[in-house]
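Examination of the molecular architecture
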Amino acid sequence: HAYEIVKRDIEVLSRVLSPGVPVLCHDYLHPNNKDGSYGVERACTEWEQTGQVKFMGCFGCSALFVTVLGSRPIAPPTFWDRITAKWRSANRFE
């Protein structure tokens, strides 16, 4: 629930989630967010401010966000993408 850990988890999610995916962030409304011992609210609010997600509302102590179309960063090429690109460049017929 520490800010740095939640922020890191959000960064990972931002790289792998497609647009339109709901994300429920537990303890968003927990009182410990106010004294800084929890960082869920802060990390989620910062995430929303990037434009990658839209805040939909709170349910119990959790907040619902939905990833926004076009917010997903470009994923780095996979191992197979790199191998295929090398093979194609080595086998070009001009």
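Relevant structure appears above.
1. Considerations on the pattern of salt bridges
- A complete count under the given rule lists two salt bridges for this structure.
- Between Lys 34 and Glu 41 there is a salt bridge, with the nearest N and O atoms lying 3.2 Å from each other.
- Judged by relative accessible area, which is 68%, Lys 34 ranks as exposed.
- The salt bridge partner of Arg 42 is Glu 46, with a shortest N-O separation of 3.3 Å. Taken together, the positions of Arg 42 and Glu 46, both in helix 2 (residues 40-49) and four residues apart, correspond to about one turn of that helix.
- Glu 46 gets classed as partly exposed once you look at its relative accessible area, which sits at 27%.

2. Structural notes on the pairing of strand 1 (residues 22-25)
- Burial along strand 1 is one-sided: Val 23 and Cys 25 are buried, while Pro 22 and Leu 24, pointing the other way, are not.
- Sheet topology note: the strand 1/strand 3 (residues 62-67) ladder contains four bridges and is antiparallel. Bridging across to strand 3, Cys 25 finds its partner in Ala 63.

Thresholds, definitions, all that
Numbers given for residues are sequential positions, taken from 1 along each chain in its written order. Only residues with pLDDT of 70 or above have their local features reported here, since the model is predicted, and side-chain atom pairs are shown and tallied only from 80 upward, although totals for entire chains, interfaces and linings are computed over all residues. Side-chain figures throughout are based on the complete set of non-hydrogen atoms in the structure, without hydrogens or water. What makes a salt bridge here is a side-chain nitrogen of Lys or Arg within 4 Å of a carboxyl oxygen of Asp or Glu, nothing more. In this scheme, a residue with accessible area under 20% of its type's maximum is buried, one over 50% is exposed, and one in between is partly exposed, where area comes from a 1.4 Å probe on protein chains only. A run of H or I in DSSP counts as a helix once it spans at least four residues, and a run of E counts as a strand once it spans at least two, with each numbered from the N terminus. By this definition, two strands are paired if DSSP reports at least two bridges between them.

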